[in-house]
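Chain residues, written in single-letter form:
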Amino acid sequence: MAVSLPAAFAQIPRYPLLYPHPSPIHPLTLLSTYLNNNNTTTKTPYISLYAKREDHSSPLACAGNKYRKLEYIIPDIRPSHSAPNGTPPTLVTEGAVQSNHTVQVAAVANRLGLEAVVVLHKGTGGGLAASTDKASFLRTGNPQVARLLGAEVRMLESSTVPADEEEDPIPGILEELRAQGKAPYWIPSGASLHPLGGLGYARCAFEIAMQEQTQDLNGSGRFDYIFVACGSGSTVGGLIAGLKLLEKLEGRTGSSKPPRKVIGILTSPTKPREYHEERVLTFARRTAALIGLDAEKDISMEDVRLDDRFAGTAYGVLDAQTSTALDLMAKREAIMLDPVYTSKVIRGLSHWVQQGDLAKDWSLRTRDWERPDSMNLLFIHTGGQAALGAYADMVES
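Residues numbered from 1 in each chain as written. Predicted model: local features only at pLDDT ≥ 70, side-chain atom pairs only at ≥ 80, totals over all residues. Heavy atoms only, no water.

Asks: How would you explain the UniProt feature "modified residue: N6-(pyridoxal phosphate)lysine" (unreviewed entry) in the chain if you had to name every residue and give the values?
Replies: The feature "modified residue: N6-(pyridoxal phosphate)lysine" (unreviewed entry), as given by UniProt, occupies Lys66 in the numbering adopted here. Looking at the secondary structure, you find Lys66 in helix 3 (residues 66-77). The buried category is assigned to Lys66, whose relative accessible area is 9%. Not counting residues up to four positions away in its chain, the partners in contact with Lys66 are His101, Gln104 and Gly190. For Lys66, the side chain forms a polar contact with the side chain of Asn65, separated by 3.4 Å. (UniProt positions renumbered as here; feature names shortened; annotations may be inferred. Helix = DSSP H or I, 4+ residues; strand = E, 2+ residues; numbered from the N terminus. Buried < 20%, exposed > 50% of the residue type's maximum accessible area, 1.4 Å probe, protein only. Contact = heavy atoms within 4.5 Å. Polar contact = N/O pair within 3.5 Å; in protein donor to acceptor, adjacent residues only side chain to side chain.)

Printed below as a string of structure tokens:
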């Protein structure tokens, strides 16, 4: 079931890390019934929920959204980044203590026969500070998995975004590795700042469109909204670029339905929403230029929709409302979420369904089209469940 891409996109090198078939899309029947029945607004279209299981996307450890990004980064690593003495590259990346991204980089290094150095910053977010068992938080979950995969794990007191008076430790670590005769290959946090970081989810947009043809979808016959976590930003940016290219190929002129819309649920309150919107726009335009679009003409701020109401008190903190969303998904669908990203997305989309935000947004976008009896919402499950063990003291039972 190969994904069909236009020529300019298809020719970009990609190293397969995912299964040869798309990650599955599962209907969330029980959650759909529950949320629609608890809708507090007047009559609205019935909203059918589905989950794209990126946590089932790869045979490698802790499958999740970063493997899609890394598929396009690996070809850049292999040919030209060895040391002068022939030593192959060492993958170096960073993240918060319970970073999912660092685990997936460690797994890729393992698969490629490379070394990996994982830098974990204790000062990023509030997960460590909120934990009542800090020793366990630093030892279990994703740090434990990264070590099992063979990565060198370095715990620092710093943050992934150093304060004005704080020196960024990463340049010193890279220089240290070079002095040891190694060839460090730097992969930024979340892979978003890497020039190729958005390509994986631009491709995922085409995969979703292909899967729409085999799903039993009501109303529009496709997914009207796609909800996904927005952390570093290139997952959302890549989806926007991929969907925009799909629109051009499908042809929007005279269409009986508005384009699919991505809603990014912000997972950190550290920066204002406007900062993240500009960042996502940059990533979307950068990806657009690579896959054959006119970045400035085809992608605008109107394509970026982020919601910061569910970010909680700090990145990585599992507050009561987010814990309730995690519990809801487990009890209704027997699907485990993670405490940092996907639980906040379910919290957000639950609000959009129950409080009428989705119906209101739909009515504003469809003034020129007939109002449907139903809508289809796709939740992208980006993985991350390995962190749950470290949050044992924060998860409501």
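Asks: Would you mind going over the sheet that holds strand 8 (residues 261-266) in detail, with residue names and values included?
Replies: Strand order in the open sheet made by the 6 strands is 1-2-10-7-8-9, with mixed pairing throughout. Pairing within the sheet leaves two strands with one partner each, and these edge strands are strand 1 (25-27) and strand 9 (306-307). Taken strand by strand, helix 15 (residues 357-365) contacts strand 2 (46-53), strand 7 (225-230), strand 8 and strand 10 (374-381), and its axis lies near 120 degrees from that of strand 7. (Pairing = 2+ DSSP bridges. Axes fitted to C-alpha atoms, helices over the stretch in contact; angles between N-to-C directions.)

Asks: Describe in detail the nonpolar core, supporting the description with residues and values.
Replies: Counting 71 residues, the largest nonpolar core has Phe9, Leu239 and Ile291 as its most contacted members. A per-element tally of this core places helix 9 (residues 199-212) first, with 9 residues. Grouped together as the second largest cluster of nonpolar side chains are 41 residues, Phe137, Ile335, Val345 and Leu377 included. (Core = buried A, V, L, I, M, F, W, Y, C linked by side-chain atoms within 4.5 Å.)

Asks: An account of helix 13 (residues 320-333) is needed here, citing residue identities and associated values.
Replies: Given 3.6 residues per helical turn, the α-helix brings residues three or four places apart onto the same face. Its 14 residues place the ends of helix 13 20 Å apart at the C-alpha level, agreeing with the 20 Å of an ideal helix rising 1.5 Å per residue. Within the span of helix 13, buried status applies to Thr322, Ser323, Ala325, Leu326, Leu328, Met329 and Glu333. In this fold, the buried residues of helix 13 make contact with strand 1, helix 2 (29-37), helix 14 (342-354) and strand 10. A positive phi of about 55 degrees marks Ala334, the residue just after helix 13. (Expected span 1.5 Å × (residues − 1).)

Asks: With reference to specific residues and values, describe the pattern of salt bridges.
Replies: Taken as a whole, this structure holds 26 salt bridges when the rule is applied. Among the ionic pairs, Arg53 bridges to Asp55, the shortest N-O distance being 2.8 Å. Here the two residues Arg53 and Asp55 agree in accessibility, since each one is buried. Among the charged side chains, a salt-bridge network with shared partners connects Lys52, Glu54, Arg68, Arg203 and Glu207. (Salt bridge = Lys/Arg side-chain N within 4 Å of Asp/Glu carboxyl O.)

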